[in-house]
Amino acid sequence: KAGVTQTPRYLIKTRGQQVTLSCSPISGHRSVSWYQQTPGQGLQFLFEYFSETQRNKGNFPGRFSGRQFSNSRSEMNVSTLELGDSALYLCASRGRGDTDTQYFGPGTRLTVL
Amino acid sequence: GESVGLHLPTLSVQEGDNSIINCAYSNSASDYFIWYKQESGKGPQFIIDIRSNMDKRQGQRVTVLLNKTVKHLSLQIAATQPGDSAVYFCAEHQGNTPLVFGKGTRLSVIA
């Protein structure tokens, strides 16, 4: 069974631009969560989608948004990029039960110049 | 590779020795705990999990211990190998809420 895939793997943008990141969950998984990982803050939860609905949201500004499609693929968007948005963005999917393990993708490394 | 955490606690162990990585969690209502391993340039990889109705669980070369009284979780790796070098994260979870991750511990295996 293929794992979680994320595209692109690396991205370089400039301040003020916007970016869209994509995540394909493990086949059959309906929950997709997004995390931001930085050296200073560690792994921080952005949001979770389940069956195309946002189920949980972390403490990030409205510039960070996401969506999920009917095939469970998810995208996240960051608008008006700031230098501090440079991070590794990780996507994780999990199966049916709420306590099922989350499996992570390799991440998208975003650099904002 | 990228740096996962510049100021993480570091544990250095000799190859072949056992490693113990500790984690203090915050929510006494958490009912599910996971250990992840993250190697440079990769996403976190599931190692082992434990539910709050257990205090010990064993996998291949790994054991997780849960002490709910003091809200403490530990990961024991037997016969540590160079390939075990990575950053290890614990994560806690309650019901439908998101996973909350610890800051991580860097394990360095000395050959």
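All figures in this text were calculated on a predicted structure; none of them were measured in a lab. (Residues numbered from 1 in each chain as written. Chains lettered and ligands numbered in written order. Predicted model: local features only at pLDDT ≥ 70, side-chain atom pairs only at ≥ 80, totals over all residues. Heavy atoms only, no water.)

> How should the overall build of chain A be read in this particular structure?
Looking only at helices and strands, one finds zero helices and 11 strands in chain A. What you see in chain A, going N to C, is helices and strands ordered as β-β-β-β-β-β-β-β-β-β-β. In terms of overall size, chain A behaves like a compact globule, its C-alpha atoms giving a radius of gyration of 13 Å where 113 residues would be expected to give roughly 13 Å. With the principal axes as the frame, chain A shows a C-alpha extent of 40 × 25 × 25 Å. (Helix = DSSP H or I, 4+ residues; strand = E, 2+ residues; numbered from the N terminus. Rg over C-alpha atoms; globule rule 2.2 N^0.38 Å.)

> It is not clear to me how the pattern of salt bridges should be interpreted in this structure. Could you clarify?
Oppositely charged side chains can pair when the atoms bearing their charge come close. All names here are of chain A. Counted by the stated rule, this structure contains nine salt bridges over all chains. The residue glutamate 82 makes a salt bridge to arginine 63 at a minimum N-O spacing of 3.6 Å. Here glutamate 82 is found in the loop between β8 (74-78) and β9 (87-94), whereas its partner arginine 63 is found in the loop between β6 (53-57) and β7 (64-68), with 19 residues between them in sequence. For arginine 63, a relative accessible area of 16% puts it in the buried group. What you see here is one network of salt bridges that share partners, running through Glu48, Arg55 and Arg94. (Salt bridge = Lys/Arg side-chain N within 4 Å of Asp/Glu carboxyl O. Buried < 20%, exposed > 50% of the residue type's maximum accessible area, 1.4 Å probe, protein only.)

> What's the story with the sheet that holds strand β5 (residues 56-58) of chain B in this structure? I'm lost.
All names here are of chain B. The antiparallel open sheet is built from four strands, whose spatial order is β2-β7-β6-β5. Every interior strand has two partners, whereas the edge strands, β2 (19-24) and β5, have only one. The mean angle between the axes of side-by-side strands here comes to 15°, regardless of whether they run parallel or antiparallel. The pairing of strand β6 (residues 62-67) with strand β7 (residues 72-77) spans six bridges and is classified as antiparallel. Residue asparagine 67 lies in a different strand from β7, and its bridge partner there is histidine 72. (Pairing = 2+ DSSP bridges. Axes fitted to C-alpha atoms, helices over the stretch in contact; angles between N-to-C directions.)

> Got a minute to help me understand the side chain of serine 30 of chain B in this structure?
Residue and element names in this part refer to chain B. Along the polypeptide, serine 30 turns up in the loop between β2 and β3 (32-38). In this structure serine 30 comes out as buried when scored by relative accessible area, which is 6%. In terms of polar contacts, serine 30 uses its side chain to reach the side chain of glutamate 92, at 2.6 Å. With sequence-adjacent residues up to four places away left out, serine 30 is seen in contact with Ser52, Glu92, His93 and Gln94. (Polar contact = N/O pair within 3.5 Å; in protein donor to acceptor, adjacent residues only side chain to side chain. Contact = heavy atoms within 4.5 Å.)

> Can you help me understand the confidence of the model for chain B in this one?
When pLDDT drops low, the exact placement of atoms in the prediction is not to be read closely. The predicted model of chain B averages 91 in pLDDT, with 94% of residues at 70 or higher. Within the model, the stretch residues 1-5 of chain B combines pLDDT values under 50 with 16 contacts to residues more than four positions away or in other chains. (pLDDT = per-residue confidence, 0-100.)

> What is the right way to look at the pairing of β3 of chain B in this model?
Remember that side chains alternate between the two faces of the sheet whenever the strand is regular. All names here are of chain B. Counting buried positions over the seven residues of β3 gives seven, a clear majority of the element. Of the two faces of β3, the one lined by Tyr32, Ile34, Tyr36 and Gln38 and the one lined by Phe33, Trp35 and Lys37 are each fully buried. When β3 meets strand β4 (residues 45-51), the two strands line up antiparallel, connected through six bridges. Paired with tyrosine 32 across the bridge in β4 is arginine 51. Both β3 and strand β8 (residues 86-93) contribute to a ladder of seven bridges, which runs antiparallel. From the neighbouring strand, lysine 37 faces β8, where its bridge partner is tyrosine 88.

> In this structure, what is going on with the interface of chain B and chain A? I would like to understand it.
By a widely used convention, the size of an interface equals the accessible area lost when the partners come together. Counting from both sides, the interface comprises 25 residues of chain B and, opposite them, 25 residues of chain A. For the pair chain B and chain A, the summed buried surface comes to about 1,900 Å²; carbon and sulfur atoms form 52% of the total. Taken together, chain B and chain A are joined by zero salt bridges. Our enumeration of links across chain B and chain A arrives at six residue pairs in polar contact (both at pLDDT 80 or more). Taken together, the elements giving at least two residues each to the side of chain B that touches chain A come down to β3, β4 and β8 of chain B. Of the residues belonging to the side of chain B that touches chain A, the class tally is 10 nonpolar, nine polar and six charged. (Buried area = accessible area lost by both parts, 1.4 Å probe. Nonpolar A, V, L, I, M, F, W, Y, C, P; charged D, E, K, R; others polar.)

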